[in-house]
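Coordinate analysis (summary)
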Amino acid sequence: MKGKAIYTAKRLVLRTVWSVAGLRYAWRSEHSFRTWVWANLIAGCVAFVLDLSALERGLVIALGLLILAAELLNTAIEDAVDYISDREHPLAKTAKDAGSAAVTVTAIAAGVAWLAVLIS
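Keep in mind it's a predicted model, so treat the numbers as computed, not measured. (Residues numbered from 1 in each chain as written. Predicted model: local features only at pLDDT ≥ 70, side-chain atom pairs only at ≥ 80, totals over all residues. Heavy atoms only, no water.)

Here we come to the side chain of Glu71. With respect to the element layout, Glu71 can be found in helix 3 (residues 54-84). No salt bridge is formed by the buried Glu71. Its closest oppositely charged neighbour is Arg34, at 10 Å. In terms of polar contacts, Glu71 uses its side chain to reach the side chain of Ser32, at 3.0 Å. The contacts of Glu71, once residues within four sequence positions are left out, are Glu30, Ser32, Phe33, Trp36 and Val103. (Helix = DSSP H or I, 4+ residues; strand = E, 2+ residues; numbered from the N terminus. Buried < 20%, exposed > 50% of the residue type's maximum accessible area, 1.4 Å probe, protein only. Lys, Arg positive; Asp, Glu negative; His and termini not counted. Salt bridge = Lys/Arg side-chain N within 4 Å of Asp/Glu carboxyl O. Polar contact = N/O pair within 3.5 Å; in protein donor to acceptor, adjacent residues only side chain to side chain. Contact = heavy atoms within 4.5 Å.)

As structure tokens, then:
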């Protein structure tokens, strides 16, 4: 039992290290990721300034974080496609476009949530 707990703790530390490395990479290499981080910081501040319920505040902040997650996945797709080949291919374009569309759809969802919260 003790060995399993140590193993689990080590894996948790490694997952944290890998996640931080991914965040640092995205911050350094992706202008779009940095833009969304700043937009989320501003939106988060606005969410705490406005008279919102905890549920409303949690919703808009969580959706903002999902935009960042989508952007990270988009970065992973783009980098994997670029690693496989530097030649242009219709499937590579489709993969990259779909990743970008995922970010857009997530951002629209966050915008809809903000609109609903502000109207109500």
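Before going further, it helps to examine helix 3. Compared with an ideal rise of 1.5 Å per residue, which puts 31 residues at 45 Å, helix 3 spans 45 Å between its outermost C-alpha atoms and is within 8% of the ideal. Taken as a whole, helix 3 has its buried residues at Arg57, Val60, Leu63, Gly64, Ile67, Leu68, Ala70, Glu71, Asn74, Thr75 and Val81. Contacts made by the buried residues of helix 3 are with helix 1 (2-29), helix 2 (31-49) and helix 4 (90-119). (Expected span 1.5 Å × (residues − 1).)

Within an α-helix, residues lying three or four positions from one another point in the same direction, as the helix has 3.6 residues per turn. With 19 residues, helix 2 should cover 27 Å at 1.5 Å per step; its first-to-last C-alpha distance of 27 Å lies within 8% of that length. When we look at burial in helix 2, the residues that qualify are Phe33, Val37, Asn40, Gly44 and Ala47. Seen along its axis, helix 2 keeps its buried residues to an arc of 90°; they face one direction. Exposed and facing more than 90 degrees away from the buried side of helix 2 are His31, Ile42, Cys45 and Val49. Of the surrounding secondary structure, the elements contacted by the buried residues of helix 2 are helix 1, helix 3 and helix 4. (Arc of directions from axis to C-beta.)

This brings us to the environment of Arg11. With respect to the secondary-structure elements, Arg11 resides in helix 1. Residue classification places Arg11 among the partly exposed positions, given a relative accessible area of 27%. Distance in space between the C-alpha atoms of Arg11 and Leu68 is 24 Å, their sequence separation being 57 residues.

Before going further, it helps to spend a moment on the environment of Ala95. Position of Ala95 relative to the elements: it lies in helix 4. Given a relative accessible area of 26%, Ala95 falls into the partly exposed group. Distance in space between the C-alpha atoms of Ala95 and Glu78 is 7.8 Å, their sequence separation being 17 residues. Contacts of Ala95, omitting those with residues within four sequence positions, involve Ile77 and Val81.

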